[in-house]
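# Notes for the structure review
Okay, here's what each chain looks like letter by letter:
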Amino acid sequence: MLTIPIVAGAGMSAVFITTVNGFMNQPEGFVMEAGQFMAVNPVQAMLNTATFSKVFHVLSSAYLTGAALLAGIAAFAMLRKGVSAYHKKGLNLMMAVVLVFSLLNSLAGDVSAKFLAEHQPEKLAAAEWHFETESGADLIFLGWLNAEHEIIGALHLPKLLSFLAFGDFNAEVTGLNEFPPDEHPPLLVHYLFDLMAGIGFALLAISSLYFLFVFWKKRNQFNKWMLRMVALSAPLAFLAVEMGWFYAEIGRQPWIIRGYMRVEEAATSSPSVRILFFVFLLLYIVLGVICVLVLRRLFNNNPAELEMEKWLEQKHDQSAKKGDQA
């Protein structure tokens, strides 16, 4: 039962953090007069236009990553120690969560793309190397740019960018060349976007295949190749989250608060920044080590498998007593 308030608390923390990031991408809730922020409305600033899409995407990807981590741990344990009832139950439960949140995360990605197309078209255009405004725009996947900004070796998915941006295969998508060159995000965000989206769809494919094997009795979902893919999905999920955040922040460049404050205007030369960085680095290293030591001591002295066996024995004894009383 302790898990529920922990998950809820983490979710609320993510919501508040993401609303701040949403404000940086879509600043609202104030009036700018003579270079000063006036008539500030904190609620409107928090519940800005970006809030829903960003919170939806952040929460769905966070819970997806947590489930992928636990599923990966169970799969890794089964590869090392063999299949057990405890790990089978854990893996089945977590893969169900991975499947559900993979679907929700795909929907969140679609919502986010449509938000970008309407409110931050330069970020979407940079991610897709979409330079010229056109209708029926192709989605660019993979590839690289030469010195003349020509796209080499990419997969062109016909009209899919228009559909992703506006839900219409023939919609017009604004090109990056419509914006001043000094406001163009770095074009490397294309690789970040591809990694994030590619891993997201890979997790959806792995979890779908897992349950295809569950319901297709001729296949064993606990075979070594499936367990290896599930174990691999854990670090991939973390990588996707990091690539998503890199894309969100680098794609906002050159702005720290979009349209109002550029990065160079927000930078500080205070020497305390370096000191605080190492203080916090040391703090998190200490906390991480303590957390690992505590968890190892808890589970070494009380293995989860043994705890489950005791619980099953208690249930069996209770059922036997009820049968005798009847």
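Heads up: the structure comes first, above all this text.
Report follows, based on the coordinates. Throughout this document, residue positions are counted from 1 along each chain, in the order its sequence is written. Thresholds applied to this predicted model are a pLDDT of at least 70 for local features of residues and 80 or more for the giving and counting of side-chain atom pairs; totals over whole chains, interfaces and linings are not thresholded and use all residues. The side-chain figures draw on all heavy atoms in the structure; neither hydrogens nor water molecules are used.

## A look at the packing of helix H3 (residues 51–81) against helix H8 (residues 224–250)
To keep it simple, the criterion reads: Every axis in this analysis is a line fitted to C-alpha atoms, fitted for helices over the stretch in contact. Angles between the N-to-C directions lie between 0 and 180 degrees. Put simply, DSSP H or I for four residues or longer makes a helix, DSSP E for two residues or longer makes a strand, and each gets a number counted from the N terminus. The cut-offs work like this: below 35 degrees is roughly parallel, past 145 is roughly antiparallel, 65 to 115 is roughly perpendicular, and the gaps in between are oblique. In a left-handed crossing the near helix is turned counterclockwise from the far helix by less than a right angle, and in a right-handed crossing that turn is clockwise. Should any heavy atoms of two residues lie within 4.5 Å, those residues are considered in contact. Three residue categories are used. Nonpolar comprises Ala, Val, Leu, Ile, Met, Phe, Trp, Tyr, Cys and Pro, charged comprises Asp, Glu, Lys and Arg, and polar comprises the others, including Gly.
Here H3 crosses H8 at 150°, and the two axes come no closer than 8 Å. The angle between the axes of H3 and H8 places the two elements in the roughly antiparallel class. As for how H3 packs across H8, the hand of that crossing is left-handed. Contacts between H3 and H8 involve Lys54, Val58, Ser61, Thr65, Ala68, Leu69, Ala71, Gly72, Ala75, Phe76, Met78 and Leu79 from the former and Lys224, Leu227, Arg228, Val230, Ala231, Ser233, Ala234, Ala237, Phe238, Val241, Trp245 and Ala248 from the latter. Each residue belonging to the contact of H3 with H8 can be placed in one class, and the counts come to 17 nonpolar, 4 polar and 3 charged.

## Thoughts on the packing of aromatic side chains
Here a ring pair, both rings aromatic, is described through the centre-centre distance and the interplanar angle of the planes. Our working rule: The aromatic pairing rule takes the rings of Phe, Tyr and Trp, using the six-membered ring of Trp, and pairs them if the centres are within 6.5 Å, calling planes under 30 degrees apart stacked, those over 60 edge-to-face and the rest tilted. Using a 1.4 Å probe on the protein chains alone, a residue whose accessible area is under 20% of its type maximum counts as buried, one over 50% counts as exposed, and one in between counts as partly exposed. We call a charge positioned above a ring when the Lys NZ or Arg CZ atom is no farther than 6 Å from the ring centre and deviates by at most 35 degrees from the ring normal.
Using the criterion set out here, one finds 9 aromatic pairs in the structure. Seen from their ring centres, Tyr63 and Phe101 are 5.6 Å apart, and the 50° between their planes marks the pair as tilted. Taken as a pair, Tyr63 in helix H3 and Phe101 in helix H4 (residues 85–119) lie far apart in primary sequence, 38 residues in all. Residue class for Tyr63 comes out partly exposed when judged on its relative accessible area of 30%. Ring plane angle 80° and centroid distance 5.2 Å describe the contact between Tyr210 and Phe211, whose orientation is recorded as edge-to-face. Note on accessibility: Tyr210 and Phe211 belong to one class, buried. The ring centre of Phe163 lies 5.8 Å from the NZ or CZ of Lys114, which sits over that ring. We note Arg228 situated over the ring of Trp225; from NZ or CZ to the ring centre the distance is 4.9 Å.

## Re the environment of Pro42
Mapped onto the secondary structure, Pro42 falls in helix H2 (residues 42–46). Residue Pro42 is classed as exposed on the basis of its relative accessible area of 55%. Sequence separation between Pro42 and Phe30 is 12 residues, and the spatial gap between their C-alpha atoms is 8.4 Å.

## Brief notes about the pattern of salt bridges
Going by this rule: A pair is scored as a salt bridge if a Lys or Arg side-chain nitrogen falls within 4 Å of a carboxyl oxygen belonging to Asp or Glu.
Enumeration over the complete set of coordinates arrives at 4 salt bridges. The partner of Arg258 in a salt bridge is Glu122, with the nearest N and O atoms 2.9 Å apart. Of this pair, Arg258 sits in the loop between strand S9 (255–257) and strand S10 (261–262) while Glu122 sits in helix H5 (residues 121–127), and the two are 136 residues apart along the sequence. The partner of Arg262 in a salt bridge is Glu264, with the nearest N and O atoms 3.2 Å apart.

## As for the side chain of Asn48
Threshold: In protein, a polar contact means a hydrogen-donor-capable atom and an acceptor-capable atom, both N or O and within 3.5 Å, with residues adjacent in sequence counting only if both atoms are side-chain atoms; elsewhere, any N or O pair within 3.5 Å suffices.
Counting through the fold element by element, Asn48 comes out in the loop between H2 and H3. Overall, Asn48 belongs to the buried group, its relative accessible area being 4%. Here Ala45 takes part through its backbone oxygen, which lies 2.7 Å from a polar atom of the side chain of Asn48. Excluding residues within four positions of it along the chain, Asn48 makes contact with Thr19, Gly22, Phe23, Gln26 and Glu28.

## Examining unusual backbone geometry
Cis geometry is adopted by the peptide bond preceding Pro254, which originates at Gln253 and carries an omega value of 10°. On the secondary structure map, Pro254 appears in the loop between H8 and S9. With a phi angle near 50°, Trp129 is a residue other than glycine that sits in the positive phi range. Within the fold, Trp129 resides in the loop between H5 and strand S3 (134–135). In this structure, Lys159 is a non-glycine residue whose phi angle is positive, near 60°. By the element assignment, Lys159 lies in the loop between strand S7 (155–157) and helix H6 (160–166). Relative accessible area serves as the criterion here: at 37%, Lys159 is assigned to the partly exposed category.

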